[in-house]
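# Understanding the architecture of this molecule
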Amino acid sequence: MADNKQRLTIGLVAKPGSTLQYHTGGWRTYRPVIDHEKCIGCKRCADSCMEGAPFECAHDGKKKKFCVNYDYCKGCGVCAYECPVDAIEMVVEEK
Amino acid sequence: MAKMAVIEGSHAIAEAAKVCRPAVVSAYPITPQTHIVEDISQMIADGELMNCEYVRTESEFSAASVILGAAAAGTRVFSATSSQGAVLMYEVLFSMAGMRLPGVLAMANRSVSSPLSIWNDHQDAISARDNGWIQLWAEDNQEAADMIVQAFKIGEDRRILLPVMVNLDGFLITHTYEPVEILDQNMVDEFLPPYEPLYKLDPKDPVTMGALAQPEYYTEARYMIHYAQLCAKDVIEEVAEEFGKKFGRYKGGLIDTYKMEGAEVVLISMGSVIGTMKDAVDEMRAEGIPVGIVKIRSYRPFPVEALREALKGAKVVCVLDKNISMGMEGAVFTDLKAALYNVKGSPDILGFIIGLGGRDITITDIKNLTNKGFAKMRGEKVSEMEWYKLDVDILPEGI
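Within every chain, residues take consecutive numbers counted from 1 along the sequence as written. By the order in which they are written, chains take letters starting at A while ligands take numbers starting at 1. Local features in this predicted model are restricted to residues whose pLDDT is 70 or higher, and side-chain atom pairs enter the listing and the counts only when it is 80 or higher, whereas totals over whole chains, interfaces and linings include all residues. Side-chain numbers here rest on the full set of heavy atoms in the structure, without hydrogens or water.

### Comments concerning the overall build of chain B
Put simply, the rule is: Per the convention used, a helix needs a DSSP run of H or I reaching at least four residues, while a strand needs a run of E reaching at least two, with both numbered from the N terminus. For this measure, only C-alpha atoms enter the radius of gyration; the expected value for a globule follows 2.2 Å times N^0.38, where N is the number of residues. For every residue, the accessible area (1.4 Å probe, protein chains only) is compared with the maximum for its type, and the residue is labelled buried under 20%, exposed over 50%, or partly exposed between those bounds. We get accessible surface area from the Shrake-Rupley algorithm with a probe of 1.4 Å; when it comes to residues, only the shown protein chains can shield them. His residues and chain termini do not enter the charge count, which takes Lys and Arg as positive and Asp and Glu as negative. Charge positions are represented by NZ for Lys, CZ for Arg, CG for Asp and CD for Glu.
If you tally the helices and strands in chain B, you get twelve helices and 15 strands. Relative to its length of 399 residues, chain B is compact, with a C-alpha radius of gyration of 21 Å against a globular reference of 21 Å. Counting only C-alpha atoms, chain B reaches 70 × 55 × 45 Å along its principal axes. Across the 399 residues in chain B, those meeting the buried criterion constitute 56%. For chain B, the exposed area adds up to about 16,900 Å²; of that, 53% sits on carbon and sulfur atoms. Taking the average location of the 38 positive side-chain charges in chain B and that of its 56 negative ones, the two points are 4 Å from each other.

As structure tokens, then:
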């Protein structure tokens, strides 16, 4: 933290977008891993995630591919539950 | 010329809140607080209190949330509660202090369940002592009314920016008629300027309040609340003195003292019991017994230095606690012992749990426990902490 240390404000007031600085994925037990072969690019993982962690990372001409932003993913597994083609596997987080 | 009136404590509080020109008042009725907010809603309906919105809510949690939101939007806010209602507010009270949003809450002190009791003791406020709110304690109707005005000024001070709880004993103050000087609107306007928020919720300049703090920031954010409480010790004194000059009434800043000249046994408490204590001390002084009183006006911040100074000549201190920290002892007793620990020549301190759930505290009671203080002074064996007048006959066998 030392090099980009922020000053606190009274009452910890944050400007819009500043929460992006707070990486909230630190307490994850499981991480979702997306199998791009199985993925059909339906975007349901991104739509069902309350953190918006899955994002469109590529497009191979036929379908979208999704990756997960692990800075914010808390490992809840909702995306894996919602995936219609079981393309997401929850694996134990290894630091 | 100031207008005097014989009015109920609740009405005095409502009148005091009115002249502070709050923009939002929200509360849920609970005995014995009800008359305060009933009066305020009537004032708004009658057009006596202009530019103020009264928000009816379905619970105290919501009432606290409404004043938090309104304070965040940059307005002056007021609420009142008691007992179980206060307990239901606790979560929001922490948030409001943490967000550094000033506002005033009149706490009509009452015991908490269970068993259900509607009568006065201090358990509701004492259990809320660590949430960051400044806690002021009133002795009578006039002081309660005056304290409301001072509370806004203290909390809104840029050095502080904390909400303030004004404690007034349920029924003993809220439902008691006393002569009270009604505060003059023009004088209060001069004393208490309009609230200028440091930050506010504004669509043109959006902010998030009370945002997530990682472990790197949380300690510092909490330290700032603590620091503001420490700064409030000066501000409470300043505001009390300024109020005294302006309105001609001074009741002390952090603490007040009574007949402390040469006092060997000193009685300490908060709230309306001080009045009974003063009568008892008057009678004992007339008999030549050297006893005095220290009244705590500010419980949080706890006036450590002021108490050390006031108790310099005392031999024994008797603390009257109308609360119990279960498994330990009375909260003021604990705090006072901590404040005097490591102070050379500090007095012996006795703690009394007294007046719980509305049990009457009489002049005779005060004299009796003062006698225990003198017994301690003479070197007799006296228990350090006592549940005063605990009726063992009605306890189940074996306890």
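### What to know about the nonpolar core
Residues and elements named next belong to chain B. The condition that has to hold: Remark: nonpolar core denotes a set of buried residues (Ala, Val, Leu, Ile, Met, Phe, Trp, Tyr, Cys) joined through side-chain atoms within 4.5 Å.
The biggest cluster of nonpolar side chains holds 107 residues, and the ones touching the most others in it are Phe78 and Ile148. For this core, the leading source of residues is helix α8 (residues 215-247), giving nine residues. Membership of the second largest hydrophobic core comes to 23 residues, among which are Leu267, Ile274, Met277 and Val316.

### A look at empty space enclosed by the protein
The condition that has to hold: Definitions used for this entry: grid spacing 1 Å over protein atoms alone; cavity, a set of points where a 1.4 Å probe fits but cannot get out; pocket, an open set with protein on both sides within 12 Å along at least 5 of 7 lines; lining residue, one with an atom within 4 Å of a point. Grid points are joined across faces, edges and corners, and a volume is the space filled by probe spheres set on the points. Charged means Asp, Glu, Lys or Arg here, nonpolar means Ala, Val, Leu, Ile, Met, Phe, Trp, Tyr, Cys or Pro, and polar covers whatever is left, Gly included.
What the rule picks out here adds up to five cavities of 30 Å³ or more. Each pocket or cavity is described by its volume, and for the largest cavity that value is around 100 Å³. Residue lining of the largest cavity: 14 residues in total, with Cys39, Ile40, Cys42, Cys45 and Cys83 of chain A positioned closest to the centre. Its boundaries defined by the atoms lining it, the second largest cavity holds a volume of some 80 Å³. If you trace the second largest cavity, you find it lined by Ile10 and Val13 of chain A together with Met99, Arg100, Leu101, Pro102, Leu161, Tyr195, Leu198, Tyr199 and Met209 of chain B. Looking at the lining of the second largest cavity, its residues break down into ten nonpolar, no polar and one charged.

### So, the sheet that holds strand β6 (residues 134-137) of chain B
Residues and elements named next belong to chain B. Selection rule: A pair of strands is labelled paired if DSSP reports no fewer than 2 bridges between them. Comment: axis = line fitted to C-alpha atoms, over the contacting stretch for helices; angle = value between 0 and 180 degrees taken between N-to-C directions.
Across the sheet, seven strands lie side by side as β3-β2-β4-β5-β7-β6-β12; this open sheet has mixed pairing. Pairing within the sheet leaves two strands with one partner each, and these edge strands are β3 (53-56) and β12 (298-300). Each neighbouring strand pair of the sheet contributes to a mean axis angle of 20 degrees, computed without reference to strand direction. Here two bridges tie strand β2 (residues 24-27) to strand β4 (residues 77-81), and the two strands are oriented parallel to one another. In the sheet register, Val25 faces β4, and the bridge partner there is Phe78.

### A word on the packing of aromatic side chains
As a reminder, the rule being used: Stacked, tilted and edge-to-face pairs are distinguished by plane angle, under 30 degrees for stacked and over 60 for edge-to-face with tilted covering the rest, among Phe, Tyr and Trp rings (Trp via its six-membered ring) whose centres lie within 6.5 Å. Counting as a charge over the ring demands two things of the Lys NZ or Arg CZ atom: a distance within 6 Å of the ring centre and an angle within 35 degrees of the ring normal.
Scanning the entire structure with this criterion turns up six aromatic pairs over all chains. Relative to Phe243 of chain B, the ring of Phe191 of chain B lies with its centre 5.5 Å away and its plane at 85 degrees, an arrangement referred to as edge-to-face. You can see Phe191 of chain B sitting in helix α7 (residues 185-191) and its partner Phe243 of chain B sitting in helix α8, a full 52 residues away along the chain. Seen from their ring centres, Phe352 of chain B and Tyr388 of chain B are 6.4 Å apart, and the 80 degrees between their planes marks the pair as edge-to-face. Here the residue Phe352 of chain B occupies a position in strand β14 (residues 348-353), and Tyr388 of chain B occupies one in the segment after β15 (385-387), the gap between them amounting to 36 residues. Pair check on accessibility: Phe352 of chain B and Tyr388 of chain B agree, each one buried. Each member of the aromatic cluster is reached from another via a ring pair, and the members are Phe191, Phe243 and Phe247 of chain B. The ring of Tyr70 of chain A is capped by Arg31 of chain A, whose NZ or CZ atom sits 4.1 Å from the centre of that ring. Sitting over the face of the ring of Phe333 of chain B, Lys337 of chain B holds its NZ or CZ atom 4.1 Å from the ring centroid.

### Notes on the sheet that holds strand β9 (residues 255-258) of chain B
Residues and elements named next belong to chain B. Pairing is mixed in the open sheet, where six strands are placed in the order β9-β11-β10-β13-β14-β15. Only two strands of the sheet have a single neighbouring strand rather than two, namely β9 and β15. The mean inter-strand angle of the sheet, taken between neighbouring strand axes irrespective of direction, is 20 degrees. As paired elements, strand β10 (residues 265-269) and strand β13 (residues 316-321) share four bridges and run parallel to each other. Bridging across to β13, Val265 finds its partner in Val316.

### Considering the state of the cysteines
Throughout this description, disulfide means a covalent bond between two cysteine sulfur atoms. Residue and element names in this part refer to chain A. Condition: Note that a disulfide, as used here, is simply two cysteine sulfur atoms within 2.5 Å.
On inspection of all chains with the given rule, the structure shows one disulfide over all chains. Note that Cys57 is cross-linked by a disulfide to Cys67, the S-S spacing being 2.1 Å. Between Cys57 and Cys67, the S-S dihedral sits near 65 degrees, and the bridge is therefore right-handed. Pair noted here: Cys57 is in strand β2 (residues 54-59) and Cys67 is in strand β3 (residues 64-68), with a separation of ten residues, a long-range link. Take Cys57: its relative accessible area is 32%, and that puts it in the partly exposed class. A relative accessible area of 23% means that Cys67 is categorised as partly exposed. In this structure Cys39 is not part of a disulfide, and its nearest cysteine sulfur, from Cys45, lies 6.5 Å away. The thiol sulfur of Cys45 is not disulfide-bonded, and the nearest other cysteine sulfur, from Cys42, lies at 6.4 Å.

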